[in-house]
Amino acid sequence: MSPMTKAPDAMGQDDIEAFGSDLHPVIKKIYLGRGVRDDSEIALRLADLEKPASLRNIDQAVQLLTRALQAQSRILIIGDFDADGATSTALAMLSLKTMGFTQVDFLVPNRFDYGYGLTPEIVDVASTLEPDVIITVDNGISSHEGVERAHHHGIQVLVTDHHLPGEDLPKADCIVNPNQADCAFPSKALAGVGVVFYLMSALRASLRQQGWFARQQLAEPNMATFLDIVALGTVADVVPLDANNRRLVKHGLNIIRGGRGRPGILALLEVAGKSPQNVVAGDLGFAAGPRLNAAGRLDDMSLGIACLLADDEATARSIALQLDGLNKDRKSIEMDMQAQALAVLDGISLDAGHGQLGICLYDAQWHQGVIGILASRIKDRFHRPVIIFADGGTDTQDDGPIKGSARSIAGLHIRDLLDRIATRHPALLQKFGGHAMAAGLTIRHADFDAFCQAYQQALADVLDKTLLEPQLITDGSLDASCFSIEFAQLLRDAGPWGQGFAEPRFQGAFRVISQRLLAEKHLKLVLALPQTGEVIDAIAFNVSAQDWQAPVSEVALVYRLELNEFRGTVSPQLLIEKITVLEPGKRRA
């Protein structure tokens, strides 16, 4: 473990002292270590959001929707079956209706029947609803055949997406994607729901300028009221929290904390045991997001979208409980799959020097909706890029498809790696797409072994092997005065923290006052602070019970400082990420 010591580049000493002059010195150090150089990135005001005008094709998209509104055309939203897709769909539905669209519906492909995106097959299903315009959300940038099929049916297509485009774009009527070539929008990290937010904001501004709301006697929608949905989709999709995304997430969290959030989001948090009044970004990512995702993983994401669209608490809670049940089923399936994967990996060398550089596994019995989570778990455990495959349909013969979900480590762009494989082996990948850290792909069952070889070769060509050695970077140690409710609150409020803007973690040695195991897998400690002897609680989740039967006297920790709320009492607590016993002869991590 090493302290985070990123140099404050391009800043003189006077600039450093002036920056964040009213901040706690530890908070200031944390910001500087994460590249924050401007006070506007601390305040995160909505007024400082990047403007929609720099998004390529935004004016054409607004004109297309304006013509559709004036004609009261039938609009069909086609989303993805994950949390970003669900929030994008709900945001588009709600926003368009507030602006006066009267014929708006949605359709989400079932992953098991149609797969991802605007496929020709899902367009054929969509055509039975007789839409005039299809709006894709969180998908569509690679849907060449689907767009062509829609035009064959006489349907216009507006693609909104954030995934990385290929060299050729589909011939949609309009495409809005900050990652397409020549798009000047500064924040390339927008989630799909962020792209929809910007499109709807631009449409609202144009309609206001035209006097539409006054003429129709409609209340002009305040787009900021939808930021709770934007925050959930942004965090759950694990896109980097650059300054623009942090602004969106911060104000979305404020809506939820103020009790003004969508009933469905409040219900998802409550069934997860999280207090909406004290919600943090991590609660969206690890509590609400997985429950929303469970619908698309095991069943039909329409259930998750219905939760987000629910207008009353009773309906929202009823659906949230169903989603919670699906999430429990997902956890059970995932645990079984993980045990099987670990048994296979037990016989595989993953030595950075001579073993496999990446992990590639397939099992005919694995659940297609859970392989993404399994890939994440295996990646976290072994610190290797991981691709997990499951059967992609009912045809399990050699020519049948198998679908893969990839997760990467920092420094390796997994979508670019797949592109490299596809370039070298043109017939190997049927389709693929994604981001730097996550991607999806489809290959033939008969090509699995060949793909694994191509995958390992591509990694050997491009991967810096030093990236395979995990580094747990910290923000240094804390003074005794920081182990307080007040400072823990400052840390919470200094966020939102998440992907690309890591939650602060610290390191230090502590004397152990007491220890006990909870549910035979969680280690609860009472520790003495080294400077003062004052005590503080700490907890480490999912430890080996066998390792903690005997008492220990001193430990070195990497930890996060958080607020723990229990039976109405709030206290500071250490959430342990790495623990090393300092007793002679018993050192272990």
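These figures come from a predicted structure and were not determined experimentally.

Caption draft 1: Inspection of the overall build of the protein chain at higher detail. On a plain count of helices and strands, the protein chain comes out with 19 helices and 17 strands. Against the globule reference of 25 Å for 589 residues, the protein chain gives a C-alpha radius of gyration of 25 Å, in line with a compact fold. For the protein chain, the spread of C-alpha atoms along the three principal axes comes to 75 × 60 × 50 Å. Residues counted as buried form 53% of the 589 residues belonging to the protein chain. Restricting the contact set of the protein chain to residue pairs at least 6 apart, pairs at least 24 apart contribute 67%.

Caption draft 2: Representation of the packing of helix α5 (residues 83–98) against helix α14 (residues 302–309) in the model. Viewed as axis vectors pointing N to C, α5 and α14 meet at an angle of 45°, and their least axial separation amounts to 9 Å. Put simply, α5 runs oblique to α14. For the pair α5 and α14, the sense of crossing is right-handed. Between α5 and α14, the contacting residues are Ala86, Thr87, Thr89, Ala90, Met93 and Leu94 on the first element and Ile305, Leu308 and Leu309 on the second. Looking at side-chain class alone, the contact of α5 with α14 contains seven nonpolar, two polar and no charged residues.

Caption draft 3: Geometry of a negative patch on the surface. Taken together, the side chains of Glu167, Asp168, Asp416 and Asp419 present a region of like negative charge at the surface. When you line up the elements, Asp168 lands in the loop between β5 (156–160) and β6 (174–176). Residue Asp168 is classed as exposed on the basis of its relative accessible area, which comes to 58%.

Caption draft 4: Region of the structure containing the nonpolar core. Within the largest apolar cluster, 140 residues are counted, with the highest numbers of intra-cluster contacts made by Ile77, Leu527 and Leu574. In this structure Ile77 touches Thr89, Ala92, Met93, Leu96, Val104, Asp105, Phe106, Leu107, Ile135 and Val137, once residues within four positions along its chain are discounted.

Caption draft 5: How the structure looks around the pairing of strand β13 (residues 506–518). Here β13 runs beside strand β16 (residues 554–566); their pairing, made up of six bridges, is antiparallel. When the sheet's bridge partners are listed, Ala509 is paired in β16 with Ala556. What sits between the antiparallel neighbours β13 and strand β14 (residues 522–528) is a turn of three residues, in which Ala519 has the positive phi angle 55°.

Caption draft 6: Up close: unusual backbone geometry. Between Gly495 and the following residue, Pro496, the backbone shows a cis peptide bond with an omega angle of 10°. A positive phi angle, close to 65°, is found at Asp138, a residue other than glycine. Tracing the backbone shows Asp138 in the loop between β4 (133–137) and α7 (144–152). Although it is not a glycine, Val238 sits at a positive phi angle of roughly 55°. Tracing the backbone shows Val238 in the loop between α10 (227–236) and α11 (243–257). Owing to a relative accessible area of 47%, Val238 belongs among the partly exposed residues under this scheme.

Caption draft 7: Layout of the sheet that holds strand β3 (residues 104–107). Strand order in the open sheet formed by five strands is β3-β2-β4-β5-β6, with parallel pairing between adjacent strands. What marks the edges here is a single partner per strand, and that holds for β3 and β6. Going across the sheet, the axis of each strand differs from the next one's by a mean of 20°, ignoring polarity. Contacting β2 (75–78), β4, β5 and β6, helix α4 (residues 58–71) crosses the sheet at an angle of about 125° to β6. The sheet contacts of helix α8 (residues 192–209) involve β4, β5 and β6, and relative to β5 the element is tilted by about 120°.

Caption draft 8: Region of interest: the confidence of the model for the protein chain. With 94% of its residues at a pLDDT of at least 70, the protein chain reaches an overall mean of 92. Low pLDDT, under 50, characterises residues 1–8; the predicted model gives this stretch 24 contacts beyond four residues in sequence or across chains. Confidence drops under a pLDDT of 50 for residues 585–589, and excluding neighbours within four residues, the segment shows 13 contacts in the predicted structure.

Caption draft 9: Expanded view of the pairing of β16. Where β16 lies against strand β17 (residues 569–581), twelve bridges are found, and the strand directions are antiparallel. In the sheet register, Glu562 faces β17, and the bridge partner there is Gln573. Adjacent in sequence and paired antiparallel, β16 and β17 are bridged by two residues, among which Arg567 carries a positive phi angle near 50°.

Reading the values: rules and limits
- Residues numbered from 1 in each chain as written.
- Predicted model: local features only at pLDDT ≥ 70, side-chain atom pairs only at ≥ 80, totals over all residues.
- Heavy atoms only, no water.
- Helix = DSSP H or I, 4+ residues; strand = E, 2+ residues; numbered from the N terminus.
- Rg over C-alpha atoms; globule rule 2.2 N^0.38 Å.
- Buried < 20%, exposed > 50% of the residue type's maximum accessible area, 1.4 Å probe, protein only.
- Contact = heavy atoms within 4.5 Å.
- Axes fitted to C-alpha atoms, helices over the stretch in contact; angles between N-to-C directions.
- Parallel < 35°, antiparallel > 145°, perpendicular 65-115°, else oblique.
- Left-handed = near helix turned anticlockwise from the far one by under 90°.
- Nonpolar A, V, L, I, M, F, W, Y, C, P; charged D, E, K, R; others polar.
- Patch = residues over 30% accessible without salt bridge, like charges linked within 9 Å, V, L, I, M, F, W, Y side chains within 5 Å.
- Areas by Shrake-Rupley, 256 points an atom, 1.4 Å probe, with all protein chains shown as cover.
- Salt bridge = Lys/Arg side-chain N within 4 Å of Asp/Glu carboxyl O.
- Lys, Arg positive; Asp, Glu negative; His and termini not counted.
- Charge placed at Lys NZ, Arg CZ, Asp CG, Glu CD.
- Core = buried A, V, L, I, M, F, W, Y, C linked by side-chain atoms within 4.5 Å.
- Pairing = 2+ DSSP bridges.
- pLDDT = per-residue confidence, 0-100.

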